[in-house]
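# Observations on the model geometry
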Amino acid sequence: MEPVTDDHVARIQAEWRAERPDVDTGPQGVIGRLHRIANHLTGELTLLYSQYGLSEGEFDVLAALRRAGSPYERAPGEIALHTMVTTGAVTKRVDRLEEAGLVQRRRSADDGRGRVVRLTPAGRRLIDKAFTAHMANEHRLLEPLTAAQQAQLEKLLTAWLEHLEVPH
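Residues numbered from 1 in each chain as written. Predicted model: local features only at pLDDT ≥ 70, side-chain atom pairs only at ≥ 80, totals over all residues. Heavy atoms only, no water.

## Notes on the nonpolar core
Rule in force here: For this analysis, a nonpolar core means a set of buried residues of the types Ala, Val, Leu, Ile, Met, Phe, Trp, Tyr and Cys, connected via side-chain atoms within 4.5 Å. Exposure is judged per residue with a 1.4 Å probe applied to protein chains only, and the accessible area is read against the type maximum: over 50% gives exposed, under 20% gives buried, and values in between give partly exposed. Runs of E in the DSSP output that reach at least two residues are strands. Runs of H or I that reach at least four are helices, and both are numbered from the N terminus. As used throughout, domain bounds are those supplied by an automatic or database domain assignment. The contact criterion used throughout is that any non-hydrogen atoms of two residues lie within 4.5 Å.
Counting residues in hydrophobic clusters, the biggest one holds 23 residues, and the most contacted among them are Leu54, Phe59, Leu62, Leu65, Leu97, Val103 and Leu119. Mapped by element, the contributors of at least two residues to this core are helix H2 (26–50), helix H3 (56–67), helix H4 (76–83), helix H5 (87–99), strand S3 (115–119) and helix H6 (121–142). Top element by residues in this core is H3. It accounts for 5 residues. There are two domains that each give this core at least three residues, and those are domain 1 (7–52) and domain 2 (53–165). Setting aside its immediate chain neighbours within four residues, leucine 97 contacts Leu54, Glu58, Val61, Leu62, Leu102 and Val103.

This is the structure we're talking about:
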C-alpha cells in the first residue's frame, strides 16, 4: 500500500520498504499515525488540565465524581472502573485532591468498612470550569475535520475499539 502523504510515518514506511521489501508495512500507516495523534492530543489535553492545577488523572477522578450526579460521590473501586485505572492509582489521586480540598472521604453508609469519595463544592466548581474548557479544547482539536469526517472517524474507531476492549 502506497503512503497517503509524505509525513513522518510515510517516510518511515518508505525506509522499511527499501530495507525490508518482504514485510508489509501497511499497518504502520494507521497505527503510526494514531500513535502520533495520541501523543499530540495528550499534550494538548494535559496542558489544559494543568491550567486548572490538575493532572490528567486528577481531572479523570473529578470528572467521574461529577458524572455520578448528586451527591457526586463514588466508592474508590467505582472510580477505578470509571477512570480505567487501578484502585491504588485512584487512592494516590484522591489523596492529592483531598489535600487540595476538592474531594472528601467518608465511611460508606452501606458498609462501615468501605469508603466513599465525594466532590466538595470547590471540587464541583473546579471540574465544571475545567470540563467546559476541556470540551472547547476538544472542539478546537477536531476543527480540521469536517462534521462528516468526525462522524466517520468516530464510527471507525468505535468498531475497532469493540474488538480491542472487553465489555463491562
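## Let's talk about the packing of aromatic side chains
Note the threshold: Note on ring pairs: Phe, Tyr and Trp rings are taken, using the six-membered ring of Trp, and paired if centres are within 6.5 Å. Classes follow the plane angle, with under 30 degrees stacked, over 60 edge-to-face and the rest tilted.
In the structure shown here, the tally under the stated rule is 1 aromatic pair. Consider the rings of tyrosine 49 and phenylalanine 59, whose centres lie 4.3 Å apart with planes at 20°: the pair is stacked. Separated by 10 residues along the polypeptide, tyrosine 49 in helix H2 and phenylalanine 59 in helix H3 bring together distant segments of the chain. For tyrosine 49, a relative accessible area of 5% corresponds to the buried category. Look at phenylalanine 59 and you get buried, because its relative accessible area is 4%.

## Examining the domain arrangement of the chain
Much of the literature gives interface size as the accessible area that the parts lose upon coming together. Stated formally: Buried area, as used here, totals the accessible surface that two parts lose on assembly, with accessibility defined by a 1.4 Å probe and the loss added over both. The term salt bridge refers to a pairing of a side-chain nitrogen on Lys or Arg with a carboxyl oxygen on Asp or Glu at a separation within 4 Å. We call two N or O atoms a polar contact when they sit within 3.5 Å, provided that within protein one can donate a hydrogen and the other can accept it, with sequence-adjacent residues counted only if both atoms are side-chain atoms. Think of it as three bins: nonpolar holds Ala, Val, Leu, Ile, Met, Phe, Trp, Tyr, Cys and Pro, charged holds Asp, Glu, Lys and Arg, and polar takes everything else, Gly as well.
When the domains of the chain are assigned, the result is domain 1 (7–52) and domain 2 (53–165). The interface of domain 1 with domain 2 comprises 13 residues on the first partner and 16 residues on the second. Three residues, Leu48, Tyr49 and Tyr52, lead the burial of domain 1 against domain 2; their summed loss comes to 55% of the area buried on that side. The partner of glutamate 44 in a salt bridge is arginine 140, with the nearest N and O atoms 2.6 Å apart. For the pair domain 1 and domain 2, the interface holds 7 residue pairs in polar contact (both at pLDDT 80 or more). Counted by class, the side of domain 1 that touches domain 2 contains 8 nonpolar, 4 polar and 1 charged residues.

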